[in-house]
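Reading the structure
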Amino acid sequence: MSKITLSERVRYGFDNFMARGTVALIGGLALTSLAFIFLMGFLVSITGVAPEGSDRLHPLEAIWSVFMRTLDSGAMGGDTGWLFRFAMLFVTFGGIFIISTLIGILSSGIDTKLEDLRKGRSRVVETDHIVILGWSLQVFTLISELTLANANRPGTCIVILSEEDKVQMEDTLSNILGKRSKIRLVCRTGSPSNITDLGMVNVQTARSIVILSSSNAHADIQLIKTLLAITSIPRSVSQPYHIVAQVQDPRSSDVVSLIGRNDIEVLLTNDLISRIVVQTCRQSGLSTVYMELLDFSGNEIYIKAEPTLQGKTYGDALLAYNDSAVLGIKHADGTIQLNPPIDRSLQPNEQLVLISEDDSTIHLSQLSNIPIDRQAIQVKEKNAIAAAENTLILGWNNRISTIIQLLDRYVAPGSTVTVVAEFPEAEVVSTESLNLQQQTVRYSQGNPTERQVLESLDLTKYNHVLVLCNTDLEPEQADAQILITLLYLRDIADRYKCNFQVVTEILDLRNQALAQVARPDDFVISEQIVSRLLAQVSEQKSLNAVFADLFSPEGSEIYLKPVGEYVALDHPVNFYTVVEAAKQRGESAIGYRCKADANNSGRAYGVTINPKKDQLITFAPQDTIVLLAEN
């Protein structure tokens, strides 16, 4: 190997210097420029080169003269004497090559810095802020709900970290959400599972962290990596991490709990949506009830201690508030029990779970005598004989197995469920693996967006129709297929006088208005429900236990039951009377639904949650009571 020459060493050193970046280049050229100016200034002073008729220049005067001509070639226009002119011409050429290069690098460095800022790579200097990791359709509803929740906390900052382009995220948020004066939105581009990028958004000082789930099959794996990255960053404040995470596969929840223990609130979103779809297909209006409970703009769920009621029964607590509705009890160990036995006494350190417009509106009623119209209460419950039901499921997604299994818990023996999707029968789930007790499953290959496929199904025999979205498609395309299926269904139902109830699942809230043209009986807007649930738990950690109990198949659930089974319809009654009628059956009434407003979005599709109990209500025969009951 040949010996390294001096020129190679110089070239190697120059390459290393150039690789140091803009700051090093600017510093090097600045030093070179200063050295050139001082050297030429001393040479001019020492050699005595001066304008014609002038004495030798002082070194400082010579340096200043060289400096001016280096910056501006026009400064030599008034020079006299050819020797001085040639000297200054050389200085000017030096300025062109050295100073101009420095200016060019400065300009390039500024452009580079602006481009870096555009990429969203600068560190966020915030504390007590909300961090959203990831990007999906849920982010828009999530931010809207968090804005409502923090309306009384001016200056709240929401920071979004996603692999999407920063400018594109900002433009999309601005176009969809508009201007948000009460909250600041900051977007950064980076990987939620990268420790450096997480430090960039200052997660160690965040008030809460919401992790959005991606739509791919490996979402839970990515979630686990993100949680490991977060928990490896030491907390900079006294409060522990408050992380809300979506989990697709229930089997992943154990691993997630091991990572974060008490710092992570897990939401099993697929299971949650499946339960809401099944319950809604059997009770029209239930999805609207859930939307109202999860919305920050109306009534919300609170947990409050009420020492005055200690020793009294849960039934007494149901009637103790005029402006709030009681849901259940939070035990001293933190567990939640919704709609406990009516005669159960409230123990010390137990709290009530209530629905109220605000925490400031939770006040015990001052009424000494509760105005209950006991003559209007219907004592006998109508015990209808359960009949076999036929359910039709149009479409396919990864929740269909859970939906069929959950449906089996509600239907009577001898029921059937028919699934129509485009996949060959060999590719769908085996019915034996579902372990069904009450119903049988039939599968038919076909495209639900084709009219001839729907007409071949004999729709007159079905009680319920579920139209599921294809989560493997883009939201707009998936919702477009839903709309086509709904239009055909409604036209066929009108033509053949079918009496089935249609419940559809859509992804994008903005398509709800379009879907209403086809007049489905109910919507399950899955992304919006999950977004509102994430927002609720991120603002109040203890609510996750409430929702877990509410959506659990064990214990009490929300039902909509005919009002005529509870109170007489021949005259107006107040809601105290309705609560008392439900209480006598071991149920907790929290609202009602007027069938006349079922299609009126301005009136929440007829659903009223937590009405004032002392106001009179005139019910119609088709109206229903919203209540918590075991069946």
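Residues numbered from 1 in each chain as written. Predicted model: local features only at pLDDT ≥ 70, side-chain atom pairs only at ≥ 80, totals over all residues. Heavy atoms only, no water.

**Describing the overall build of the chain**
- The number of helices and strands found in the chain is 19 helices and 22 strands.
- By the burial criterion, 52% of the 631 residues in the chain qualify as buried.
- Residue pairs at least 24 apart in sequence account for 75% of intrachain contacts in the chain once pairs closer than 6 positions are excluded. (Helix = DSSP H or I, 4+ residues; strand = E, 2+ residues; numbered from the N terminus. Buried < 20%, exposed > 50% of the residue type's maximum accessible area, 1.4 Å probe, protein only. Contact = heavy atoms within 4.5 Å.)

**Re the packing of aromatic side chains**
- In this structure the tally under the stated criterion is seven aromatic pairs.
- For the ring pair tryptophan 396 and tyrosine 443, a centre distance of 6.3 Å and an interplane angle of 90° mean the geometry is edge-to-face. One end of the pair, tryptophan 396, is in the loop between strand 11 (390-394) and helix 13 (400-407); the other, tyrosine 443, is in strand 13 (residues 439-445), with 47 residues separating them in the sequence. A single burial state applies to tryptophan 396 and to tyrosine 443, both of which are buried.
- When the ring of tyrosine 592 is compared with that of phenylalanine 619, the centres are 5.4 Å apart and the planes differ by 90°; the resulting orientation is edge-to-face. (Phe/Tyr/Trp six-rings, centres within 6.5 Å; stacked < 30°, edge-to-face > 60°.)

**Some details on the sheet that holds strand 17 (residues 557-562)**
- Across the sheet, four strands lie side by side as 17-22-19-20; this open sheet has antiparallel pairing. A strand with exactly one partner marks an edge of an open sheet, and here the two such strands are strand 17 and strand 20 (607-609). Within this sheet the neighbouring strands show an average axis-to-axis angle of 30°, counted without direction.
- Sheet strands touched by helix 19 (residues 575-583): strand 19 (588-593) and strand 22 (624-629). Its angle to strand 19, the strand with the most contacts, is close to 125°. (Pairing = 2+ DSSP bridges. Axes fitted to C-alpha atoms, helices over the stretch in contact; angles between N-to-C directions.)

**Some thoughts on the side chain of threonine 485**
- In this structure, threonine 485 sits in helix 15 (residues 475-496).
- Residue classification places threonine 485 among the buried residues on the basis of a relative accessible area of 3%.
- Filtering out sequence-adjacent residues up to four positions away, threonine 485 remains in contact with Leu394, Pro448, Thr449, Leu454 and Val467.

**Points about the pattern of salt bridges**
- Tallying each qualifying case throughout the model produces 19 salt bridges.
- Between glutamate 170 and lysine 166 there is a salt bridge, with its nearest N and O atoms 2.8 Å apart. Of this pair, glutamate 170 and lysine 166 both sit in helix 6 (residues 166-177), four residues apart, which is roughly one turn of that helix.
- In this structure lysine 166 comes out as buried when scored by relative accessible area, which is 12%.
- Glutamate 389 is paired through a salt bridge with arginine 282; the nearest N and O atoms lie 2.6 Å apart. Residue glutamate 389 is found in the loop between strand 10 (351-356) and strand 11, and its partner arginine 282 is found in helix 10 (residues 269-282); the two are separated by 107 residues along the sequence.
- Judged by relative accessible area, which is 13%, glutamate 389 ranks as buried.
- For arginine 282, a relative accessible area of 27% corresponds to the partly exposed category.
- What emerges from the salt-bridge pattern is a single network uniting Asp128, Arg153, Arg207 and Glu539. (Salt bridge = Lys/Arg side-chain N within 4 Å of Asp/Glu carboxyl O.)

**Focus on the pairing of strand 22**
- Extensive coverage of strand 22 is indicated by the burial of six of its six residues.
- Of the two faces of strand 22, the one lined by Thr624, Val626 and Leu628 and the one lined by Ile625, Leu627 and Ala629 are each fully buried.
- Relative to strand 22, strand 17 runs antiparallel, the two being bridged by six bridges. Across the sheet, the residue bridging to tyrosine 559 is leucine 627, located in strand 22.
- In the sheet, strand 19 pairs with strand 22 via five bridges, with the strands oriented antiparallel. By the bridge assignment, tyrosine 592 is partnered in strand 22 with isoleucine 625.

**Focus on the sheet that holds strand 4 (residues 208-211)**
- On the basis of which strands lie adjacent, the open sheet formed by six strands has the order 3-2-1-4-5-6 and parallel pairing. At either end of the open sheet lies a strand with only one pairing partner, and these are strand 3 (183-189) and strand 6 (264-268). Averaged over all pairs of adjacent strands, the angle between strand axes in this sheet comes to 20°, irrespective of strand direction.
- Across four bridges, strand 1 (residues 130-133) lies against strand 2 (residues 156-162) in parallel orientation. In the sheet register, isoleucine 132 faces strand 2, and the bridge partner there is isoleucine 160.
- Helix 8 (residues 219-231) rests against strand 1, strand 4, strand 5 (243-247) and strand 6 of the sheet, and its axis sits at about 160° to strand 5.

**Points about the environment of glutamine 437**
- Position of glutamine 437 among the secondary structure elements: in the loop between strand 12 (415-421) and strand 13.
- Taking C-alpha positions, glutamine 437 is 9.2 Å from glycine 414, a pair spaced 23 residues apart along the chain.
- A polar contact is formed between the side chain of glutamine 437 and the side chain of asparagine 435, at a distance of 3.4 Å. (Polar contact = N/O pair within 3.5 Å; in protein donor to acceptor, adjacent residues only side chain to side chain.)

**Describing the pairing of strand 16 (residues 522-525)**
- The two faces of strand 16 match: Asp522 and Val524 on one face and Phe523 and Ile525 on the other face are all buried.
- Note: strand 15 (residues 501-506) against strand 16, four bridges, orientation parallel. Each residue of the ladder has a partner; that of isoleucine 506, found in strand 16, is isoleucine 525.

**Here we look at unusual backbone geometry**
- For asparagine 202, which is not a glycine, the phi torsion comes out positive at approximately 60°.
- Along the chain, asparagine 202 turns up in the loop between helix 7 (195-200) and strand 4.
- On the accessibility criterion, asparagine 202 (8% relative accessible area) is buried.

**Side note on helix 18 (residues 543-550)**
- Most of helix 18 is tucked away: six of the eight residues are buried.
- When we look at burial in helix 18, the residues that qualify are Leu543, Asn544, Val546, Phe547, Asp549 and Leu550.

**Here's the deal with the packing of helix 10 against helix 11 (residues 286-294)**
- For the pair helix 10 and helix 11, the least separation of the axes is 8 Å and the interaxial angle reads 130°. One element, helix 10, and the other, helix 11, form an angle in the oblique class. Contacts between helix 10 and helix 11 involve Ile276, Gln279 and Thr280 from the former and Leu286, Ser287 and Tyr290 from the latter.
- Here the contact of helix 10 with helix 11 is built from residues that sort into three nonpolar, three polar and no charged. (Parallel < 35°, antiparallel > 145°, perpendicular 65-115°, else oblique. Nonpolar A, V, L, I, M, F, W, Y, C, P; charged D, E, K, R; others polar.)

**Describing the state of the cysteines**
- In this structure the tally under the stated criterion is zero disulfides.
- With no disulfide partner, cysteine 187 has as its closest neighbouring cysteine sulfur the one in cysteine 157, 9.8 Å distant.
- Using a relative accessible area of 1% as the deciding quantity, one classes cysteine 187 as buried. (Disulfide = S-S within 2.5 Å.)

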